[in-house]
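Observations on chain architecture
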Amino acid sequence: MPSVFTPSDTSIDKFHFGLNVASLQRSVDFYSLFFGLPPCKFLDDYAKFELRDPPLVMSLLPNSQLRGGTLSHLGLRMPDGAALVDMQRRLEEGGVRTEREDGVECCYARQTKFWVTDPDLNLWEVYVVAGDLQYHGIDLPPRVVEPPVAAAAIKKIWEHRLTQPLPDRIPHETATLDEVRLEGTFGHERTPQELEALWHEVWRVLRPGGKVHVHNLVASWQFANGVPTLPGPAAVIKHVPLENEILHDLERIGFQGVKYDKLGDQPCFTFEGVEMREMRLSGTKTSVASPGGRQRTVIYRGPFERVTDDAGNVYTRGERQTVADEWWQSLEDAAFLNQFETIA
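Predicted, not measured: the structure shown is a model, and the values here were computed from it.

Focus on the overall build of the chain
When helices and strands are tallied, the chain shows five helices and 19 strands. Within the span of the chain, comprising 344 residues, buried residues form 43% of the whole. If you sum the accessible surface of the chain, you get close to 18,500 Å²; carbon and sulfur atoms cover 53% of it.

See below:
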């Protein structure tokens, strides 16, 4: 089988890959020692090592929610725009779909690139660099690839990205997945029927206690004249839902413990008075506890006089409350649990 590149071919500048890391500082310390040189870029939310021999670019991207799986994406840095166009044309003519982004501001650099997914769903970034920036920029987060570890330790996850078509059916059996991740999924206009079918599928494939994670750009108000054309990689976004729109969908479908993991304190974009922010939202598919099942006694610490959870349990500050253990266990990693003391 003929190879795409011959040994004398110089159309690729450097090989590149990105790693998700739990601690950026710890990883920078390790790789500085490993490579014998410091990073060429080191900021609060990004680090990059660039080697001459072998010609390699490695970026580190902090991810405090890392649950196994460190490969963010693979990449090829091309020497110029002509080489980039030639490679994209060859792929498209061969029947391989690509997603191009012009003038992208991400990873503290301005880039032009295209993304392509290989048959095993590894994400490749092919790009040229136009210059450095003093800020990170905004980019769609690359898909996380699970590592080949023991089967018992692997979380069963299905992920959908903005640039992928919505499937008629999520390719997994009922109640078998630990997580569903929707990365930018709502950045395209979806019909009510498409949304209802998607939520039905998400609920179907998640096991009891499984979680849905939504990462999307959201708007403070409706746009008077439609969604504007956004700069850089955000230009692929054609729809921006309201801040509470997806949250209400999760609640309506039956997800519990729904919470914002992030709702940016500063807008990414502002257009005609409408602020657009990065949102991370999660919810849990909680099973219904069987009658007579194990109970758990807790005391709500505060700071409020009383709170009510999604199952209808009312917790009064300083007073004991008995709840179904199955409900409690399904939300054991929720942020609010540090407000409770477990008695039995």
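Things to note about the pairing of strand β11 (residues 206-219)
Of all 14 residues in β11, 11 are buried; the element is thus mostly enclosed. As paired strands, strand β10 (residues 177-183) and β11 are joined by six bridges and run parallel to one another. Of the residues in β11, the one forming a bridge with arginine 181 is histidine 213. Crossover β10 to β11 through helix α3 (residues 192-205) is right-handed.

Topic: the packing of aromatic side chains
Counted by the stated rule, this structure contains three aromatic pairs. Ring geometry for phenylalanine 186 against tryptophan 199: centres 5.6 Å apart, planes inclined by 20°, an arrangement best described as stacked. In this pair, phenylalanine 186 sits in the loop between β10 and α3 while tryptophan 199 sits in helix α3, placing the two residues 13 residues apart along the sequence. Both residues of the pair, phenylalanine 186 and tryptophan 199, belong to the buried class. Plain terms: the ring middles of phenylalanine 223 and phenylalanine 271 are 6.5 Å apart, the flat faces sit at 50° to each other, and that makes the pair tilted. On the criterion of sequence distance, the pair formed by phenylalanine 223 in the loop between β11 and α4 (245-253) and phenylalanine 271 in strand β13 (residues 269-271) is long-range, its members being 48 residues apart. Residue class for phenylalanine 271 comes out partly exposed when judged on its relative accessible area of 29%.

With respect to the nonpolar core
Core analysis: the biggest nonpolar cluster contains 22 residues, and Trp199, Val202, Val212 and Val214 have the highest contact counts within it. With five residues, the top contributor of residues to this core is α3. The residues touching valine 212, leaving out its near neighbours within four places in the chain, are Val180, Leu182, Trp199, Val202, Leu206, Leu250, Phe255, Leu281, Ser282 and Gly283. Of all hydrophobic cores here, the second largest spans 13 residues; its members include Leu19, Val21, Tyr31 and Ala47.

Side note on unusual backbone geometry
Keep in mind that most residues, glycine aside, have a negative phi and that most peptide bonds are trans. Here the residue pair glycine 302 and proline 303 is connected by a cis peptide bond, since its omega of 25° sits within 30 degrees of zero. Tracing the backbone through its elements, the reader meets proline 303 in the loop between β15 (295-300) and β16 (306-308). Phi is positive for alanine 175, close to 55°, though the residue is something other than glycine. Examined against the element boundaries, alanine 175 turns out to sit in the loop between β9 (157-161) and β10. Looking at alanine 175, the relative accessible area reads 36%, which means it is partly exposed. If you check the backbone angles, glutamate 272 has positive phi at about 50° while not being a glycine. By relative accessible area, glutamate 272 is classed as exposed at 55%.

Focus: the packing of α3 against α4
Describing two packed helices takes the angle between their axes plus the distance from one axis to the other. Put simply, α3 and α4 touch, their axes get as near as 11 Å, and they point 55° apart. Of the possible angle classes, the one that applies to α3 and α4 is oblique. Seen from above, α3 lies across α4 with right-handed handedness. Note on element contacts: α4 touches α3 through Ile246, Asp249, Leu250, Arg252 and Ile253, opposite Glu196, Trp199 and Trp203. Looking at the contact of α3 with α4 residue by residue, the classes come out as five nonpolar, no polar and three charged.

A few points about the environment of threonine 185
Assignment of secondary structure puts threonine 185 in the loop between β10 and α3. On the accessibility criterion, threonine 185 (1% relative accessible area) is buried. Other than its neighbours up to four places away in sequence, threonine 185 contacts His160, Leu162, Leu166, Arg190, Leu198 and Asn216.

Some remarks on the pairing of strand β4 (residues 56-62)
Buried residues dominate β4, accounting for six of its seven residues. Both strand β3 (residues 46-51) and β4 contribute to a ladder of five bridges, which runs antiparallel. Residue glutamate 50 lies in a different strand from β4, and its bridge partner there is valine 57.

Regarding the confidence of the model for the chain
Within the chain, residue pLDDT values average 76, and 73% of them lie at 70 or more. Across residues 1-10, confidence stays below pLDDT 50; counting only partners more than four residues off in sequence or on other chains, it has seven contacts.

So, α3
When the terminal C-alpha atoms of α3 are compared, their 20 Å separation across 14 residues agrees well with the 20 Å that a helix rising 1.5 Å per residue should span. Looking only at α3, the buried set comprises Leu195, Leu198, Trp199, Glu201, Val202, Arg204 and Val205. Contacts made by the buried residues of α3 are with β10, β11 and α4.

Things to note about the side chain of histidine 16
Here histidine 16 shows up in strand β1 (residues 14-21). At 3.3 Å, the side chain of histidine 16 and the backbone oxygen of valine 57 are in polar contact. Sequence-distant contacts of histidine 16, that is, excluding residues within four places in its chain, are made with Val57, Ser59, His73, Leu74, Gly75, Glu125 and Tyr127.

Procedures and definitions
- Residues numbered from 1 in each chain as written.
- Predicted model: local features only at pLDDT ≥ 70, side-chain atom pairs only at ≥ 80, totals over all residues.
- Heavy atoms only, no water.
- Helix = DSSP H or I, 4+ residues; strand = E, 2+ residues; numbered from the N terminus.
- Buried < 20%, exposed > 50% of the residue type's maximum accessible area, 1.4 Å probe, protein only.
- Areas by Shrake-Rupley, 256 points an atom, 1.4 Å probe, with all protein chains shown as cover.
- Pairing = 2+ DSSP bridges.
- Right-handed = clockwise from strand over helix to strand, strands pointing away.
- Phe/Tyr/Trp six-rings, centres within 6.5 Å; stacked < 30°, edge-to-face > 60°.
- Core = buried A, V, L, I, M, F, W, Y, C linked by side-chain atoms within 4.5 Å.
- Contact = heavy atoms within 4.5 Å.
- Axes fitted to C-alpha atoms, helices over the stretch in contact; angles between N-to-C directions.
- Parallel < 35°, antiparallel > 145°, perpendicular 65-115°, else oblique.
- Left-handed = near helix turned anticlockwise from the far one by under 90°.
- Nonpolar A, V, L, I, M, F, W, Y, C, P; charged D, E, K, R; others polar.
- pLDDT = per-residue confidence, 0-100.
- Expected span 1.5 Å × (residues − 1).
- Polar contact = N/O pair within 3.5 Å; in protein donor to acceptor, adjacent residues only side chain to side chain.

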